[in-house]
Amino acid sequence: MSSRAAVITGCGAVSPLGVGVRALWEGLLAGRTAVAPIARFPAEDLTPRNAAEVREVGAADPDRAGAFALAAATEALADAGLDPRALDARRVGVALGTTLGGMLLLERWLAGDARPPAEMAAIPYYGPAVRLARSLGCRGPVATPQLACASGTHAIALAADWVRAGRADVVLAGGADLLCRFVVAGFNCLRATADAARPFDAARRGLVLGEGGAILVVEEAGHAARRGAAARARLLGVGAAGDATHMTAPDREGRGAARALAAALTDAHTPPAAVSFVSAHGTGTPYNDAMEAVAITRVFGRRAVPVDSIKGAIGHTLGAAGAFEAILCAQVLAEARIPPTAGLVTVDPACQGLDLVVGAARTHAVTVAVSSSSGFAGTNAALVLARA
Amino acid sequence: MSLAVAITGAGALTGRDFSFDGLPEAVQTRAVRAERVTQLVLAAAGKALAAAGLDVADGVPRPRLGIVLGTAFGCFLTNAAYERRFLEGGPAAASPRLFAATVSNAAAGELAIAYRLGGPLVALSAGAASGLVALGHATDLVSSGRADALVAGGADALGDDLCGWLAAGGLDTGRPPAEAAAVFVLERGDLARGRAVLGTIEGVAAGFEPDLAGPRAGDGLAAVVATALEAAGRAASEVRVVVSAAPPGLADLEARALAGVASPTVLHPKDALGETFGAAGPLGLLAALAAAPPGAAVLVLDVCASGHVAALVARAGEGA
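Since we're looking at a predicted model, the values are computed, not measured.

The rules we used
- Residues numbered from 1 in each chain as written.
- Chains lettered and ligands numbered in written order.
- Predicted model: local features only at pLDDT ≥ 70, side-chain atom pairs only at ≥ 80, totals over all residues.
- Helix = DSSP H or I, 4+ residues; strand = E, 2+ residues; numbered from the N terminus.
- Rg over C-alpha atoms; globule rule 2.2 N^0.38 Å.
- Buried ≥ 20, exposed ≤ 12 C-beta atoms within 10 Å, placed from the backbone.
- Contact = placed C-beta atoms within 7 Å.
- Pairing = 2+ DSSP bridges.
- Domains from an automatic or database assignment.
- Core = buried A, V, L, I, M, F, W, Y, C linked by C-beta atoms within 7 Å.
- Axes fitted to C-alpha atoms, helices over the stretch in contact; angles between N-to-C directions.
- Nonpolar A, V, L, I, M, F, W, Y, C, P; charged D, E, K, R; others polar.
- Parallel < 35°, antiparallel > 145°, perpendicular 65-115°, else oblique.
- Left-handed = near helix turned anticlockwise from the far one by under 90°.

What follows deals with the overall build of chain A. A tally of regular secondary structure across chain A gives twelve helices and 17 strands. Here chain A has a C-alpha radius of gyration of 19 Å; the compact-globule value for 388 residues is 21 Å, and the two agree. Taken along its principal axes, the extent of the C-alpha atoms in chain A is 55 × 55 × 40 Å. Scored against the burial criterion, the 388 residues of chain A give a buried share of 70%. Taking all contacts inside chain A whose residues are at least 6 apart in sequence as the whole, residues at least 24 apart take part in 81%.

For chain B, the helix and strand inventory stands at eleven helices and ten strands. Against the globule reference of 20 Å for 320 residues, chain B gives a C-alpha radius of gyration of 19 Å, in line with a compact fold. Taking all 320 residues of chain B together, 63% fall into the buried category.

Quick look at the sheet that holds strand 3 (residues 35-37) of chain A now. Sheets are built from strands paired through backbone hydrogen bonds, the pairs being either parallel or antiparallel. All names here are of chain A. Here we have three strands laid out as an open sheet, ordered 3-4-8, and mixed in their pairing. What marks the edges here is a single partner per strand, and that holds for strand 3 and strand 8 (209-210). By the bridge criterion, two bridges tie strand 4 (residues 50-52) to strand 8 in an arrangement that is parallel. Along strand 8, the bridge assignment pairs Ala51 with Leu209.

Glancing now at the domain arrangement of chain A. All names here are of chain A. Partitioning chain A into structural domains gives domain 1 (6-226) and domain 2 (236-387). Taken together, the contacts link 61 residues of domain 1 with 57 residues of domain 2. Of all the secondary-structure elements, those providing two or more residues to the side of domain 1 that touches domain 2 are strand 1 (6-15), helix 1 (21-29), strand 4, helix 6 (151-164), strand 7 (170-177), strand 8 and strand 9 (212-220). With nine residues, the top contributor of residues to the side of domain 1 that touches domain 2 is helix 6.

Time to look at the domain arrangement of chain B. Residue and element names in this part refer to chain B. On domain assignment, one finds that chain B holds domain 1 (5-191) and domain 2 (201-316). Domain 1 and domain 2 are separated by 23 Å when their C-alpha centres are compared. Opposite the 39 residues of domain 1 that make contact, domain 2 presents 30 residues. Elements with a contribution of two residues or more to the side of domain 1 that touches domain 2: strand 1 (5-14), helix 6 (130-143), strand 4 (149-156) and strand 5 (180-188). If one sorts the elements of the side of domain 1 that touches domain 2 by residue count, helix 6 sits on top with seven residues.

Contacts between the two partners involve 58 residues from chain A and, on the opposite side, 65 residues from chain B. Those elements giving two or more residues to the side of chain A that touches chain B turn out to be helix 3 (103-110), helix 4 (117-120), helix 5 (127-136), strand 6 (142-145), helix 6, helix 7 (181-189), strand 10 (233-242) and helix 9 (255-267) of chain A. Of all the elements, helix 7 of chain A adds the most residues to the side of chain A that touches chain B, at five residues. Judged from the two bridges that link them, strand 6 of chain A and strand 3 (residues 121-125) of chain B form a sheet pairing that is antiparallel.

Now for the nonpolar core. Membership of the largest hydrophobic core comes to 292 residues, with the highest contact counts inside it found for Leu216(A), Val218(A), Leu385(A), Ala44(B), Leu111(B), Ala181(B) and Leu312(B). Among the elements that take part in this core, helix 2 (residues 64-80) of chain A stands out by supplying eleven residues, more than any other. Ignoring anything within four residues of it in the chain, the contact list for Leu385(A) reads Ala233(A), Arg234(A), Leu235(A), Leu236(A), Ala326(A), Cys329(A), Ala330(A), Leu333(A) and Ala369(A).

Let us now look at unusual backbone geometry. All names here are of chain A. For the bond from Thr47 to Pro48, the omega torsion is -10°, close enough to zero to count as cis. Among the secondary structure elements, Pro48 is positioned in the loop between strand 3 and strand 4. Positive phi is not limited to glycine here, since Leu318 has a value of about 60°. For Leu318, the position within the fold is in the loop between helix 11 (311-314) and helix 12 (321-335). Despite not being glycine, Ala377 shows a phi value in the positive range, around 75°. Take Ala377: it is sitting in the loop between strand 16 (368-375) and strand 17 (379-387). By the C-beta count within 10 Å, which is 30 here, Ala377 ends up buried.

Bringing the packing of helix 6 of chain A against helix 12 of chain A into the picture now. Residues and elements named next belong to chain A. For the pair helix 6 and helix 12, interaxial distance at closest approach is 5 Å and the crossing angle is 65°. The segment helix 6 lies against helix 12, with Ser151, Gly152, Thr153, Ala155 and Ile156 engaging Ala321, Gly322, Ala323 and Ala326. Residue composition of the contact of helix 6 with helix 12, grouped by class: five nonpolar, four polar and no charged.

All names here are of chain A. Contact pair helix 9 / helix 10 (residues 286-300): the axes reach a minimum separation of 8 Å and the direction vectors enclose 40°. In this view, helix 9 runs oblique relative to helix 10, as classed from their interaxial angle. Viewed along their axes, helix 9 and helix 10 form a crossing whose handedness is right-handed. Where helix 9 approaches helix 10, its residues Ala257, Ala258, Leu261 and Ala262 are matched on the opposing element by Met291, Glu292, Ala295, Arg298 and Val299.

On to the environment of Ala31(B). All names here are of chain B. Secondary-structure assignment places Ala31 in helix 1 (residues 25-33). Remark: the alpha-carbon pair of Ala31 and Glu110, spanning 79 residues in sequence, is separated by 8.5 Å. Excluding residues within four positions of it along the chain, Ala31 makes contact with Phe20, Leu23, Gln39 and Leu42.

Further remarks concern the environment of Gly260(B). Positionally, Gly260(B) belongs in the loop between helix 9 (251-257) and strand 8 (265-267). Spatially, the C-alpha atoms of Gly260(B) and Ala235(B) are 9.9 Å apart, while their sequence positions differ by 25 residues.

Time to look at the pairing of strand 2 (residues 65-70) of chain B. Residues and elements named next belong to chain B. Among the six residues that make up strand 2, six are buried, leaving the element largely enclosed by the rest of the structure. The side-chain alternation of strand 2 yields two buried faces, one formed by Leu65, Ile67 and Leu69 and the other by Gly66, Val68 and Gly70. Judged from the six bridges that link them, strand 2 and strand 4 form a sheet pairing that is parallel. If you follow Val68 over to strand 4, its bridge partner there is Ala152. Where strand 2 meets strand 3, four bridges bridge the pair, whose relative direction is parallel. Within strand 3, the residue paired with Gly70 across the bridge is Leu124.

Here it is in structure tokens:
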């Protein structure tokens, strides 16, 4: 079991910054934000009503998350140089996080719009994973991690565990989520939203929702080597931990997030001092960002490692967020550049312990990167990735 | 593949025998306010943790104890309840209390708070195979030393909207749906604190059937059966009890996958219990452990019309 290792051999993204990893990466480096008034569905009665929408994919597909996942998976497989039909189907799996799944279909059904059985079947959270698994013809493990806003991160962790434990050789792992009235009204009624996402900023007022799909090909290192595929990054360690304090508010002391980070570093056999980049959850809510500043400082020390959040650029993409952030880590490792945190102008005094990348991209050689995610129900998950 | 994992506690209940009796008062207080699936999980997990001697409901979170729960539908009923109020009354009627529970890890989160479990906090969905897929993930976490003990299993609740969705063609179960929760406390066999062991999980495998009507239907299930037996280091001839799980429409597929397993005893717990989705596999494991002689190997299946399949091989313990 310990002789098997997980690497990332392909990435694919459908984000509010455009279709493809390149569009995402260039938008992030430029500090662009895709946040704008919602245009794709009626939102006049919703306040706030800004969000980061995907414009190019899934416009006519009622299973929007599934459409995002399929498009991202197609790019990831091409990037990895893999034809899933040429693999042993029993050794190919899918781990796809989502917090909404077929929510558009549920909205329509409950509004009295009868749908054919094939569309009804796509309503549950496992729907997008099933659609992707069928399109690949895979016969290996298929699961939908349910860790709220840490689902995308744990999907990659689950894939790493399956690969290392010998349950699969190739796993399409990531997340997909969509914007709809259900979720925008929901976060609004929790008073968790704002018109602009400003992670770690003194003037931050809340999160802005986003949507999209992000898929990584998580592959057994020997399997990749035997077919001559180059790894984009190595997946060294994964960790998860519960706050066990409150269902919606994060532990103010960041103890659960710190436990997840420490667990991932232990799993990676990597000391905190070896880490040279942290992708934060960084939602832009007052509580989350202050909690994370405590957790990251607790694990890595004060201003010891550059930190970035992409949620000012593409919004909070919920079940996809952790997968986008894993792709960010792979890009930072490969390109030695860290994008700025869009929306961040004046660092909050409560977040001064973090070395945040502000204003412009920073050139910085990174050998080990860490991604951290947290979600409702007090869940936390973390990944440790290393340069290939 | 991995070290065998010991079962040191179990708790299970169906919607019919549901009760909070015996739970610590602090847990009961949380449970009465919770959504249905969370209530089922708290009641079942309370029994399992008590049986394992780990039912502490106060103090700081215990970082080496965690949760892996499988659920086919999780917060489906809460989603529908929230959406109905929102559709009816607009944004002013959107309920923050309901929306905050529209996550399928709500039951796991409540369980972590109730019993001070600060380790891995994981929920996952794999249709009616969610329970065994969760047990497989938990087995990996425990055997690789990432937790000392995990509450692992599955649960699903029923309600009008879920029944309406099933009736509208959402998922072919072939049997009446039923609600239940069934969870175990899993620990590394060599670290089981000398407690009585109900059974030992020796191998778990998860797979998928991409085309249930195609010429290769059944290959995925056959592969997981073979993989689970191989992980357990067992020959098919050693299996003494098999737990069948396929909906009637997939009985042939299951029979083909089991062609090499000539077990003397085949149990069909779903014929009595109905389709319990995320709880089905763990309930099947309980039934198998109760039916098998001490030390005998059992093979438990999960099969769902969504395509998700899983198999688990365990050895019955002396205390089963």
